[in-house]
Number of protein chains: 2
Amino acid sequence: MAHHTAARRGPKPRPGVRDTIIQAGLSTIYADGYAATGIQRIVEVAEVPKGSFYTYFPSKEAFGTDVIDAYFERAQVRLETFLNDAELPPRARLEAYFDALIAAFRDTGFLRGCLLGNFSAEAADHSAAIRTHLVQHFKTWSHLFEACIAEGQKAGQIPNRMPAATLADFILNSWEGALLRMRADQSDAPLLAFRSVVFGEVLA
Amino acid sequence: MAHHTAARRGPKPRPGVRDTIIQAGLSTIYADGYAATGIQRIVEVAEVPKGSFYTYFPSKEAFGTDVIDAYFERAQVRLETFLNDAELPPRARLEAYFDALIAAFRDTGFLRGCLLGNFSAEAADHSAAIRTHLVQHFKTWSHLFEACIAEGQKAGQIPNRMPAATLADFILNSWEGALLRMRADQSDAPLLAFRSVVFGEVLA
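On a predicted model such as this, the values are computed, not experimentally measured, just so you know. Throughout, residues of each chain are indexed from 1 in the direction in which the sequence is written. Throughout, the order in which chains and ligands are written sets their labels, letters from A for the former and numbers from 1 for the latter. Confidence filtering applies because this is a predicted model: local features only for residues at pLDDT of at least 70, side-chain atom pairs given and counted only at 80 or more, and all residues used for totals across whole chains, interfaces and linings. Hydrogens and waters are ignored; side-chain quantities use all the structure's heavy atoms.

Q: Honestly, the interface of chain B and chain A in this entry has me stumped. Any pointers?
A: Residues are treated as being in contact if the distance between any of their heavy atoms lies within 4.5 Å. Of the residues lining the interface, 47 residues belong to chain B; the matching set on chain A comes to 47 residues. Summed over both partners, buried area is the accessible surface (1.4 Å probe) that two parts give up on being assembled. Contact between chain B and chain A buries roughly 3,700 Å² in total, counting both sides, with carbon and sulfur atoms accounting for 60%. When a carboxyl oxygen of Asp or Glu is within 4 Å of a side-chain nitrogen of Lys or Arg, the pair counts as a salt bridge. Our count for the contact surface shared by chain B and chain A stands at four salt bridges. Within 3.5 Å is the distance limit for a polar contact, defined as a pair of N or O atoms, with the added protein rule that one can donate a hydrogen and the other accept it, and that residues adjacent in sequence qualify only through two side-chain atoms. For the pair chain B and chain A, the number of links is 17 residue pairs in polar contact (both at pLDDT 80 or more).

Below, the structure is given as structure tokens:
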């Protein structure tokens, strides 16, 4: 009876213009970079008139923070899917998470890396607003790693006794660096080196 | 008698225009990013007419590769100074190297990071020429770490038995990631987390 539910009765919902522009910005900035992406290009990809942009976003910088939030919103869903998977022990959850990311980068030809890392390289020095959003999302990301590592330490599965928060930050940052090198090398070698040292030494 | 050497006899050497432009590009791109830096801005900083740029560089991309080379040339001098210092055991050389970098980033307010990492984030996906120069310099950098780590393993000072090449790549890439996070956080915490895990775990 799913076709009789209320959600199907009205006219087919159109995604809002604001969201269309954010999704266009996300794909374009992720592929080409923040400085290289002009507002003109974004409205072209979104297929909206240029005036729409300023209806929704006071500036490119404000738009940038919305794009960062939209990116991390999706990333966080994936993170939580893997890291809260009670079927697996904590260390194996982390491994499964990184293996899924490595497979995805292999599929897409080692491009683009992480949007948070890209904004950190390009814009963090120049925009307090962008920096604030980066700090917040990196912190959320690291806290999810930390909880998983702490659980593994408590269960005796992760023998490393360094503070879980330090290990979590180190692993997150090292992943970001592995992605930079992946893009230079256009290969998965940096991701596999990350995997072998993190799971063979740091969390062993 | 140094003032009588041949080098002092002729007219005072002026730095070449080409080098002036490269140095202007290096400081500007390092501070503001590659896409954000136009050729107009570079010739203004270099105080040369715009035509000069195209006398020396066929394109912004070719110029970018020269800027990358100029950056790494300096970085390599520092690297070799620290890593070939026979006064210290290999592990302590690596520590001294990173401590000097951490102190320098503290002095300059946690800005700019590493130009090779910045180009990897911004331009590696889009320029085979730039990518080639990044690959080469990262490889040189990693080989210097590798030689030092292998020496420490041989001397029994670094007990970790993973291949020195893997450890070297991992450490280099993790450093690059720590620099990204440093710029987001505007603090040395990511650099200190790097230091404590690398020297307390990975090379311990």
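Q: Can you walk me through the relation of the copies chain B and chain A in this structure?
A: Between the two copies of this chain, the relationship is a rotation about some axis together with a displacement along it. Least-squares superposition aligns the copies on the C-alpha atoms of those residues with pLDDT at or above 70 in both. Of the transformation placing chain B onto chain A, the axial shift is 0.0 Å and the rotation is 180°, giving an RMSD of 0.0 Å. The relationship between the two copies is best expressed as a two-fold rotation axis.

Q: What exactly am I supposed to notice about the nonpolar core here?
A: Inside soluble globular proteins, nonpolar side chains tend to come together where they are buried. Nonpolar cores are built from buried Ala, Val, Leu, Ile, Met, Phe, Trp, Tyr and Cys residues. Side-chain atoms within 4.5 Å join them into one set. Exposure categories follow from relative accessible area, calculated using a 1.4 Å probe and restricted to protein chains: below 20% of the type maximum is buried, above 50% is exposed, and the middle band is partly exposed. One finds Trp141(A), Phe145(A), Trp141(B) and Phe145(B) to be the most contacted residues of the largest nonpolar core, which totals 128 residues. With residues up to four places along the chain from it excluded, the contact list for Phe145(B) reads Leu79(B), Leu83(B), Leu94(B), Tyr97(B), Phe98(B), Ala168(B), Ile171(B) and Leu172(B).

Q: It is not clear to me how the environment of Gln40(A) should be interpreted in this structure. Could you clarify?
A: Residue and element names in this part refer to chain A. Secondary structure is summarised from DSSP: a helix means a run of H or I of at least four residues, a strand means a run of E of at least two, and numbering begins at the N terminus for each. Checked against the element boundaries, Gln40 lands in helix H2 (residues 39–46). The exposure class of Gln40 is partly exposed, given its relative accessible area of 39%. With ten residues separating them along the chain, Gln40 and Lys50 place their C-alpha atoms 6.8 Å apart.

Q: Just checking my understanding: could you explain the pattern of salt bridges for this structure?
A: If the charged atoms of two oppositely charged side chains come close together, the side chains can form a pair. For the coordinates displayed, the defined rule picks out 18 salt bridges over all chains. For Asp125(A), the salt bridge is made with Arg183(B), and the minimal N-O distance between the two is 2.9 Å. Remark: Arg183(B) occurs in helix H8 (residues 164–185) and Asp125(A) occurs in the loop between helix H6 (115–122) and helix H7 (128–154); the pair is interchain, linking two chains. Of the two residues, Asp125(A) and Arg183(B), neither departs from the other in class, the shared state being buried. Between Asp66(B) and Arg18(B) there is a salt bridge, and its shortest N-O distance comes to 3.0 Å. Of this pair, Asp66(B) sits in helix H4 (residues 60–83) while Arg18(B) sits in helix H1 (residues 17–32), placing them 48 residues apart in sequence. Judged by its relative accessible area of 36%, Arg18(B) is partly exposed.

Q: In this structure, what is going on with the packing of aromatic side chains? I would like to understand it.
A: Within a pair of aromatic rings, the relevant descriptors are the distance that separates the centres and the angle that separates the planes. Each aromatic pair joins two rings of Phe, Tyr and Trp (for Trp, the six-membered one) with centres within 6.5 Å, and gets the label stacked for planes under 30 degrees apart, edge-to-face for over 60, and tilted for any other angle. By the definition in use, this model includes 39 aromatic pairs over all chains. The interplanar angle of 65° and the centroid separation of 6.2 Å between the aromatic rings of Phe98(B) and Phe199(B) together place this pair among those described as edge-to-face. Linking Phe98(B) in helix H5 (residues 90–107) with Phe199(B) in helix H9 (residues 189–202), this pair joins segments that are 101 residues apart in sequence. Of the aromatic side chains, those joined through ring pairs into one cluster are Phe72(A), Phe82(A), Tyr97(A), Phe98(A), Phe105(A), Phe138(A), Trp141(A), Phe145(A), Trp175(A), Phe194(A) and Phe199(A). Lying across the ring of Tyr34(B), Lys60(B) places its NZ or CZ 4.5 Å from the centre. Two conditions define a charge sitting above a ring: the NZ of Lys or the CZ of Arg must be within 6 Å of the ring centre, and it must be within 35 degrees of the ring normal. Directly above the aromatic system of Tyr30(B) lies the positively charged group of Arg112(B), at a separation of 5.5 Å from the ring centroid.

Q: Any chance you could explain the environment of Ser127(B) here in plain terms?
A: Residues and elements named next belong to chain B. Position of Ser127 among the secondary structure elements: in the loop between helix H6 (115–122) and helix H7 (128–154). For Ser127, a relative accessible area of 5% corresponds to the buried category. Taking C-alpha positions, Ser127 is 9.9 Å from Ala62, a pair spaced 65 residues apart along the chain. One polar contact links Ser127 to Glu61, side chain to side chain, over a distance of 2.5 Å.

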